[in-house]
Amino acid sequence: MGVVFGLLWLFTGLLQGVHGQGVYAPPTVRIVHSGQACNVEEERYSERVYTIKEGETLELQCLVTGHPRPQIRWTKTAGGASDRESSLHNETLRIENINRHQGGRYYCKAENGLGSPAIRSIRVDVYYLDDPVITIHQSVGEAKEQFYFERTVFLRCVANSNPPVHYTWRRGREVLSQGSDSGVEIYEPFFTQGETKILKLKNLRPQDYADYTCFSSVRNVCGIEDKSAHFTLSNRTAPPSIKLLLDDPLVVNPGETITLVCVASGGEPHPSLKWMRPDGQQLPKRSVVKGGTLTIPAVAIDDGGVYSCVGSNNVGNPAKKTTTILVRGLRKGRFWITPDPYHNDDNIQIGREVKISCQVEATPPEELQFSWLKNGRPLRSSERMVITHTDTDVSPGTTNLDIIDLKFTDFGTYTCVASLRNGGTPEISIDVNISSTTVPPELTIPRGRSHLITQEGDTVDLQCLVSGKPKPIILWSRVEESGVAAAAAATALMPDGSIQTESYDGILRISNVTREMSGTYRCQTSQYNGFNVKPREALIQLVVQFPPAVEPVHTEIRQALGRAFSLTCRLLRAHPARLLRYEWKLGTRLLTVGQFSDQRDDTNYHVRALNREGYGEYTCDITNEAGAGRCTFLVTGKAYPPEFYYDTYSALWQNRPRVYGFKLQWTQMEPNAVDRILAYRLGIRQMGQSRWWEQEIPMEGTIQKGELLTYNLTELIKPESYLVRLTPITRYGEGDSTERIITYSAPVNPHLREFQCGFEDEALCLFSQDKNDVFDWTRHSAATRDTKYTPNTGPSSDHTGSKQGFYMYIETSRPRLEGDTARLLSPTFNSKSSPVSNNPTYCFAFYYHMYGKHIGALNIFLRQKGQAVTDTLVWSLTGNQGDRWCQAKVNIHPTTAFQMVIEGVRGSGIEGDIAIDDVTIEEGECKDPPPNNLRSLAPPSSPHIWQHCITLILALIGQQR
């Protein structure tokens, strides 16, 4: 099926300017809500509070003004700066399925570089009610010098909630209250006010054995229903007791399946059982829990530790039993050779003593056993071969073989064998060779390798040569630097992030070396798996060279032809920092070269008068032995982007049923930075379509900074949205473009036959406060209004009788004075008058509430916006009219665009609140005006004033193909 698409659009261009700073203005902020709020307390004496039910959707919108268009950021704190959450750069903050932890203070911050940032906050209060829990506690104590025993039972009801919960106790069907039963006391501990309620049954009686119900309520706020918990108290009610059907500790072999059984041995109601590990550790992932039985298949060494079974039935304190699982295993086998300690010699010599030590970690430690072999044959302790073991309570376990008066026949291979008495895990064998070639270690650095120079990104090997038998493990670490950097270097880690690294071949390889890895490295012999002597060590200095770091790495400079300017490239750091050279280029053309002096850390290039060949990319390369750092400057004559103006008053209008118009306004960013702007290219595209229409807007004269430019777009099709793109043009060519979306919204206009506003929307149906009055009207609902100090004035509901509904009213409490005025301005409406028809008539109607002995006056003005703005009083009422809502209607006859002004005047005292609600404007005469002593004032008719404008019509029609 073919589609015929036609678009007729009319551009009417009007250019108007404001000199100096023009329309540039710092930001302002207002927060409005459009989510599922239970209640919003308006901003009066403290910050606004937004109340919402847990699980609903929070939606807050940050409305900003200011030019250039401010950047918006949402942040949240819940009491302190440390709780700040990640920011959201968007006008709308939306949180679906909100939870209690997401309550707190939300800030909207807007900034555009002018003045101070504008910040507004709103506190979000999340309401919730958890299921209540009843716990039972009993006390048996002696009193009154042992004349009798008193047995007291406490039933405690607890429910987490916001706002504070209200509790009600019921025994069977009987509601319990303080004083209703001498044997019952009900109280709330002062330290948990609103969070718990305790029912005290004194000197327990037979009738106290019954069914108890605790009802928790937040009084249906936010529609949260009441919740309840039940408990049956009997003479069998008792706290839990449990027992474990297993050995403690439980010793098992790796790979076995173990089952831990916990059973309830007492308690009424029957206790629930749960297994846990200390300090919040998780149960093994493979484990299966069924009731009080915990099964761990294929147990591993890491599964060992303490396990606890907890039984609970909400009576008394939970019962807890603990057991320990020991998984058999041997780990970390080590050995060392200790020469004769009575001689100052690290070598092994005939006729002297030598000791071989062997160490192993064992689980369980008491099952650890050692044996010794010499050349594969069992070795027993004797006078010259003394074998000793450490206490089994000491972990890790160690065994020593002392050879007294070493002889040539003692040379050979000695084997230390570690095993567990009951098996279950492989044994560990460690061989140690004692011979004439067994010598302590020596450590050296290869020639020319103690001072290494490398470049960033390379791979470098640090090497220590070690000799000796047995050959020891080499330990690498960083050396603390002395001087100013000592504090920082004291915590320097190895490249892998550890404090110390082991090496078996003496080589430390560092890949992709960075400048932070420069410094001194220590290699030293370990005192295990070798000789137990003073460690041998050596130092290696590592120097990492890196190319110069410069700024700016990349920047754009916009210049007009014929102007002079300078470019500066600054050196931040480099190693080595000597013999630095610089080289300036434009594209591939060399401009100048030179060398840095010790006193300078930057280089400059000057352009006396920019010509067309001077546009392009300038580069400055600063080089050393390790490479080069580059500053890049893009010099261009492109104009900066336009800045759309979003605060246009009544930007959207409609004068025909199917089309609408839009007043597009903008300023030019830094218009004097480049050549004069000759024109703008305006592009427009209907959202969802791919075709652009373009129109060139010529500019006469020089545009000033802050000058507001206007172009009227007409013949836009309802209700479509459009993408508008604006591009400045200079003799250099096209500059940077800016885009914005124009969205249609039905204008508040009597041409739609009717306007209604009940003030339920926080945007107030586009009503606004007069900036020239003394104080403001306040949007409120009876559910949130505080009548503590002024109970005899103001409405108790909106005009429909709803306490949740909103209305506007004036608050006449201090600091208001007699005669103070507050004015509320309606949106601007377009009159339908024409040269061939009479002035149209509209009916302006509203509800008012004027109750209190100090009521002042309520006045209605018709404000017409012709060549001059005129205010005409059309309705007025003074004095107390009783505690009721009344309706007023008045005919108005505007001859041009108009507004309605609602003025409240403060009377002689604080009991003078005036409220309005449900404002309507309809075409035609008022029908059945209410009988009251109002006076209706109609302005005299006057001829319509027509304004002339020049229009440009561009028609583009798409034909069917």
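Residues numbered from 1 in each chain as written. Predicted model: local features only at pLDDT ≥ 70, side-chain atom pairs only at ≥ 80, totals over all residues. Heavy atoms only, no water.

On to the packing of aromatic side chains, then. The geometry of an aromatic ring pair comes down to the distance between the two centres and the angle between the two planes. Counted according to the given criterion, the structure contains 17 aromatic pairs. Where Tyr 582 meets Phe 596, the ring centres are 5.8 Å apart and the plane angle is 85°; that geometry is what we call edge-to-face. Of the two residues, Tyr 582 sits in strand β47 (residues 581–586) while Phe 596 sits in the loop between β48 (589–595) and β49 (602–607), which places them 14 residues apart along the sequence. Ring plane angle 40° and centroid distance 6.3 Å describe the contact between Tyr 605 and Tyr 618, whose orientation is recorded as tilted. Separated by 13 residues along the polypeptide, Tyr 605 in strand β49 and Tyr 618 in strand β50 (residues 616–624) bring together distant segments of the chain. Judged by relative accessible area, which is 3%, Tyr 618 ranks as buried. Grouping aromatic residues by their ring pairs yields a cluster made of Trp 584, Tyr 605, Tyr 618 and Phe 633. Here the basic side chain of Arg 69 rests over the ring of Tyr 646, its NZ or CZ set 4.3 Å away from the ring centre. Sitting over the face of the ring of Phe 546, Arg 515 holds its NZ or CZ atom 3.9 Å from the ring centroid. (Phe/Tyr/Trp six-rings, centres within 6.5 Å; stacked < 30°, edge-to-face > 60°. Helix = DSSP H or I, 4+ residues; strand = E, 2+ residues; numbered from the N terminus. Buried < 20%, exposed > 50% of the residue type's maximum accessible area, 1.4 Å probe, protein only. Lys NZ or Arg CZ within 6 Å of the ring centre and 35° of its normal.)

This part is about the sheet that holds β48. Read from one edge of the open sheet, five strands run β45-β51-β50-β47-β48, paired in mixed fashion. Each of the sheet's edge strands pairs with one partner strand only, and the pair in question is β45 (554–558) and β48. Strand-to-strand twist of the sheet, defined as the mean angle between neighbouring strand axes without regard to direction, takes the value 20°. The pairing of β47 with β50 spans six bridges and is classified as antiparallel. By the bridge assignment, Arg 581 is partnered in β50 with Thr 623. (Pairing = 2+ DSSP bridges. Axes fitted to C-alpha atoms, helices over the stretch in contact; angles between N-to-C directions.)

As a further point, take the nonpolar core. If you look at the biggest cluster of nonpolar residues, it comprises 35 residues, and the most contacted ones within it are Trp 777, Phe 844, Phe 846 and Leu 858. For this core, the leading source of residues is strand β66 (residues 842–850), giving five residues. Grouped together as the second largest cluster of nonpolar side chains are 28 residues, Ile 337, Trp 372, Ile 434 and Phe 531 included. (Core = buried A, V, L, I, M, F, W, Y, C linked by side-chain atoms within 4.5 Å.)

Right, let's get into the state of the cysteines. Scanning the entire structure with this criterion turns up seven disulfides. Each sulfur in the disulfide pair Cys 157 and Cys 214 lies 2.0 Å from the other. Measuring handedness by torsion sign, the sulfur bridge of Cys 157 and Cys 214 sits at about -90° and is left-handed. Of this pair, Cys 157 sits in strand β11 (residues 148–158) while Cys 214 sits in strand β17 (residues 211–217); the two residues are 57 residues apart in sequence, bridging distant segments of the chain. Taking relative accessible area as the criterion, Cys 157 reaches 0% and is therefore assigned buried. The buried category is assigned to Cys 214, whose relative accessible area is 0%. Two residues, Cys 358 and Cys 416, share a disulfide whose sulfurs are 2.3 Å apart. Classification of the bridge connecting Cys 358 and Cys 416 rests on its S-S torsion, roughly -80°, and on that basis the disulfide is left-handed. Remark: Cys 416 occurs in strand β33 (residues 412–420) and Cys 358 occurs in strand β28 (residues 354–363); sequence separation between them is 58 residues. Side by side, Cys 358 and Cys 416 carry an identical accessibility label, which is buried. (Disulfide = S-S within 2.5 Å.)

Another aspect to go through is the environment of Leu 245. Among the structural elements, Leu 245 can be located in the loop between β19 (238–244) and β20 (250–252). Distance from Leu 245 to Leu 260, taken between C-alpha atoms, is 7.4 Å for residues 15 residues apart in sequence. Other than its neighbours up to four places away in sequence, Leu 245 contacts Val 261 and Val 263. (Contact = heavy atoms within 4.5 Å.)

Side chains Val 184 and Ile 186 project from strand β15 (residues 184–187) onto a buried face, and the interleaved Glu 185 and Tyr 187 project onto a face without burial. As defined by bridge partners, β15 adjoins strand β16 (residues 196–201) across four bridges and the pair is classed as antiparallel. Counterpart to Tyr 187 in the pairing with β16 is Ile 198.

On average, residues of the chain carry a pLDDT of 85, and 86% of them reach 70 or more. Below a pLDDT of 50 lies the segment residues 931–961, which in the model reaches 58 contacts outside its immediate sequence neighbourhood of four places, other chains included. (pLDDT = per-residue confidence, 0-100.)

Here the focus is the sheet that holds strand β21 (residues 258–268). Here four strands make up an open sheet; going across it, the order is β19-β21-β24-β23 and the pairing antiparallel. Pairing within the sheet leaves two strands with one partner each, and these edge strands are β19 and β23 (288–290). Going across the sheet, the axis of each strand differs from the next one's by a mean of 15°, ignoring polarity. Relative to strand β24 (residues 293–296), β23 runs antiparallel, the two sharing three bridges.

This next bit is on the pattern of salt bridges. This model, assessed by the stated rule, comprises 39 salt bridges. For Arg 69, the salt bridge is made with Glu 91, and the minimal N-O distance between the two is 2.7 Å. Remark: Glu 91 occurs in the loop between β6 (71–77) and β7 (92–95) and Arg 69 occurs in the loop between β5 (58–67) and β6; sequence separation between them is 22 residues. Each member of the salt-bridge network shares a partner with another, and the members are Arg 681, Glu 694, Glu 696, Arg 725, Glu 734 and Glu 739. (Salt bridge = Lys/Arg side-chain N within 4 Å of Asp/Glu carboxyl O.)

Before going further, it helps to examine the side chain of Arg 740. Here Arg 740 is to be found in strand β60 (residues 738–742). Asp 647 is the oppositely charged side chain nearest to the buried, salt-bridge-free Arg 740, at an N-O distance of 8.8 Å. Residues contacting Arg 740, with those up to four places away along its chain left out, are Phe 644, Tyr 645, Tyr 646, Phe 662, Leu 664, Tyr 722, Leu 723 and Val 724. (Lys, Arg positive; Asp, Glu negative; His and termini not counted.)

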